[in-house]
Every structure is written in C-alpha cells, then in structure tokens.
Amino acid sequence: MKVVFENITKSFGHTVAVKDFSAQLPDGHLICLLGPSGCGKSTILNMLCGITPVTQGHIFFDDKDVTKLPPDLRNVGMVFQNYALYPHMTVLENIAFPLEVQKVRKAERIERAGEIAKLVHVDSLLKRYPSELSGGQQQRVAIARALVKNPKLLLMDEPLSNLDARLRLEMREEIRRIQQNTGVTTVFVTHDQEEAMSISDSILLMKNGMLIQEGLCQDLYNNPNCKFVADFLGNPPVNNLKLSDNDFKAIFGQKYNYSSNQVIAAVRPESFIFGGDLPAQVVSVSEMGKEKILTLIFFENTVHAILNTDEELKAGDKIQVSLKNKGIFVFDSKTEERLA
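In this text, all values refer to a predicted model and were calculated from it rather than measured experimentally.

Brief notes about the packing of helix α2 (residues 91–101) against helix α3 (residues 106–119)
The angle between the axes and the distance between the axes are what describe a pair of packed helices.
Item 1. Axis separation between α2 and α3 bottoms out at 9 Å; the angle between their running directions is 125°. Judged on the interaxial angle alone, α3 and α2 are oblique. Handedness of the α2/α3 crossing: right-handed. Along its contact with α2, which presents Leu-92, Ile-95, Ala-96, Leu-99 and Glu-100, the element α3 presents Arg-109, Ile-110, Arg-112, Ala-113 and Ala-117.

This is how it looks when you write it as structure tokens:
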C-alpha cells in the first residue's frame, strides 16, 4: 500500500510538532523516519495509525483519504519500543490476540498465529510467557502480533532501542527479512543513523518537525542538501573546516570560487588519502585491520581521517595527505544550504 502525506501539520497548543510535511511512501518499501529526539518522528507515526488527530493536511492510503478514519478501521500494525506484551498470556495467545478482538474463530486464530510464529522464528516458544523470553524473542513476538492480522501498513517506533548492541544487529537483519517476505509497507522510526542506513529502502530525515531531505540512504550520505544532513549522517562524522582565504585556496585551489568567510567546507573522513601535498600532524591513531582512523591537525582544524596505509603512524608524526573529489561539500555559512 502506498502512503501519501499532503501538507501535514500537527500542533499541540502553541507548539508545532510537525510542520507542512509532505512525502510519498512507496508500496512494499521499508522507509525510515530518521532524526534527533523531538523532531516529530513519533508524532507522524501516531497520526498514521490514527492515535493522534491531524491539525492540518491529509493522509492517503493508496487513493483513500484516511485523515479522519478511526484507528480500528485503518488496518495498521504497530510495534512499540517496550513491546507491550501481555504478561499473563502465552506467546501463542499474545500473537493471536488481535484476531480474538476481530472475533476470528479459534481454530483459524491458532493456525494464523502459528504461521506468523514460524515466519519470525518463535514457533518453538509458543507455550512460554513473556517473562521467560529474551529481549530479542519478545521483539519477535511483538512483530508477529502486529503482522497476524495482515496489516496494509506496519509501524515500528524505536523497536530496537531496548536491545544490546549485538542483538540490535541481529534484529535489524531479521526485521529486514520479515519485511521482504511479507511485502508490507513499513515505517521504521529511529534516531540511529547507522540503523536507518542499514535497514531501509529510503530515509525521510527530519529536523524541528520538518522534512529536510528524503531519498535512498546512500544518496543522502553522498549528496546532502544542507549541513544538517551531512552532519547527521556518518560515523566518524563529517569534518567541518574553518579556514582562512589562503588555507582555502591551498586546499582547493581554484575549484571553488568562494571567499572562506562565506562558506563552510566539509570533508568526509574517508575522503582523505595518505600521501600528497597537504600537510597534517597526527594526534592519535586507532587501527581497524588495515584501515587506520586518525585524528589529525589539518590547517589548524582537528579532523578525523580514515586512511588506508601500511605506514606505522603515531602521535606527533607529520604526514602529507590529499583529498578525493568525492565526499567534499561546500555550505553557505549563513543558510547552511549546499553550494557545491
């Protein structure tokens, strides 16, 4: 099912949580709503499922306007941060409960719950209670419960935030597998850019209730439309350089026709090359296999650089580097919009 937001605004008194938000979510895709805490991600999710009414604008499921449709008529599945499993029910009973609410006959409830349990790999746990499950198992049960009624739309609000780092990685892959197997349009809310880039077909990046940029994960990383997008995506983060006119020309030559006080030049860590004619001094070195993540002093800026070199480098070493063409951005210093 395709989802369309048409100039959505949500206000709580004088506070505007979401402002003039327009976007299209393609049928069968996994889309991440990404952004810092308080940017309006969960508010959009709540408007999608009908829990929170829309102040202005319209939401369409395919061609149907559902803006004022009550939650129980939207056929939406929801997975929460805290899983919200019923502690007195077994795994089977938890999964089947939405069908019981819909008054589906018991035999069919059990059959459908068993099928979904197999899909999410909890079919061996059907007689257990939530207290007897690990965090990852509880998460799978919560996903199964959301999927059992065959929703047209699956909403996931920070579903991995309560898991440890290793289990988060495992569940990312599982959620992606489940989504691809079911083909259900899925909206996944997170503030974790690495999580968003690893799991989704596309990203809607938000700030202060507004959509800042949308697109394929790698497109946002490679072609940010403003400084906020470049800053938010990437680990280690992009290096924002404060440069004099002379230093700006020494690094970029005549490539950019800007005065240094008009712009902010930004360089991705992986855009540094070991060897060249630009001087730098090593502050610290962290090795990851053949790759080295260095902290450098570069034209009076402290930067992070990912260098592929066999050289034994240590703090205090003076080295020469150069820059790739890819991963170099120039932003207007006032508006922070992308210039080049």
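Notes on the pairing of strand β12 (residues 263–267)
Item 1. The buried fraction of β12 amounts to five of the five residues, a majority that puts the element mostly inside the structure.
Item 2. Neither face of β12 is left uncovered, since the one carrying Val-263, Ala-265 and Val-267 and the one carrying Ile-264 and Ala-266 both have all their residues buried.
Item 3. Sheet analysis places strand β11 (residues 239–241) next to β12, joined by three bridges and oriented antiparallel. Across the sheet, the residue bridging to Asn-239 is Val-267, located in β12.
Item 4. Pairing of β12 with strand β17 (residues 328–332), which is carried by five bridges, proceeds in the antiparallel orientation. Across the sheet, Ala-266 pairs through a bridge with Phe-329, a residue of β17.

Digging into the side chain of Glu-158
Item 1. On the secondary structure map, Glu-158 appears in the loop between β7 (153–157) and α5 (165–182).
Item 2. This buried residue, Glu-158, is left without a salt bridge; Lys-41 holds the nearest opposite charge, at 4.5 Å.
Item 3. At a separation of 3.1 Å, a polar atom in the side chain of Glu-158 contacts the side chain of His-191.
Item 4. Sequence-distant contacts of Glu-158, that is, excluding residues within four places in its chain, are made with Lys-41, Gln-81, Val-189, Thr-190 and His-191.

Some thoughts on helix α9 (residues 245–252)
Item 1. Turning to α9, its buried residues number three or more, namely Phe-248, Ile-251 and Phe-252. Around the axis of α9, the buried residues are gathered within 75° of arc, so they sit on the same side. In α9, the exposed positions angled more than 90 degrees off the buried face are occupied by Asn-246 and Lys-249.
Item 2. On the buried face of α9, the contacting elements are β12, β13 (272–288), β14 (291–298), β16 (318–323) and β17.
Item 3. Backbone geometry just after α9 places Gly-253 at a positive phi near 60°.

Calculation notes
As a convention, each chain's residues are numbered from 1 in the sequence order in which they are written. For this predicted model, a pLDDT threshold of at least 70 governs which residues receive local features, and a threshold of 80 or more governs which side-chain atom pairs are given and counted, while totals over whole chains, interfaces and linings are taken from all residues. Neither water nor hydrogens contribute to the side-chain values; these are computed over all heavy atoms in the structure. Note on geometry: axes are lines fitted to C-alpha atoms, helical ones only across the stretch in contact, with angles between N-to-C directions running from 0 to 180 degrees. A helix here means a DSSP run of H or I that spans at least four residues, while a strand means a run of E at least two residues long, and both kinds are numbered starting from the N terminus. An angle below 35 degrees is treated as roughly parallel, one above 145 as roughly antiparallel, one from 65 to 115 as roughly perpendicular, and anything else as oblique. What makes a crossing left-handed is the near helix being turned counterclockwise from the far one by less than a right angle; a clockwise turn instead makes it right-handed. Should any heavy atoms of two residues lie within 4.5 Å, those residues are considered in contact. For each residue, the accessible area found with a 1.4 Å probe, counting protein chains only, is set against the maximum for its type, and the residue is called buried under 20%, exposed over 50%, and partly exposed in between. Any two strands are treated as partners once DSSP identifies two or more bridges connecting them. Here the positive residues are Lys and Arg and the negative ones are Asp and Glu; neither His nor the chain ends is included. A pair is scored as a salt bridge if a Lys or Arg side-chain nitrogen falls within 4 Å of a carboxyl oxygen belonging to Asp or Glu. Distance and chemistry together define a polar contact, namely a pair of N or O atoms within 3.5 Å, with one atom able to donate a hydrogen and the other to accept it when in protein, and with adjacent residues in sequence counting only for side-chain atoms on both sides. As used here, the arc belongs to the directions running from the helix axis to the C-beta atoms.

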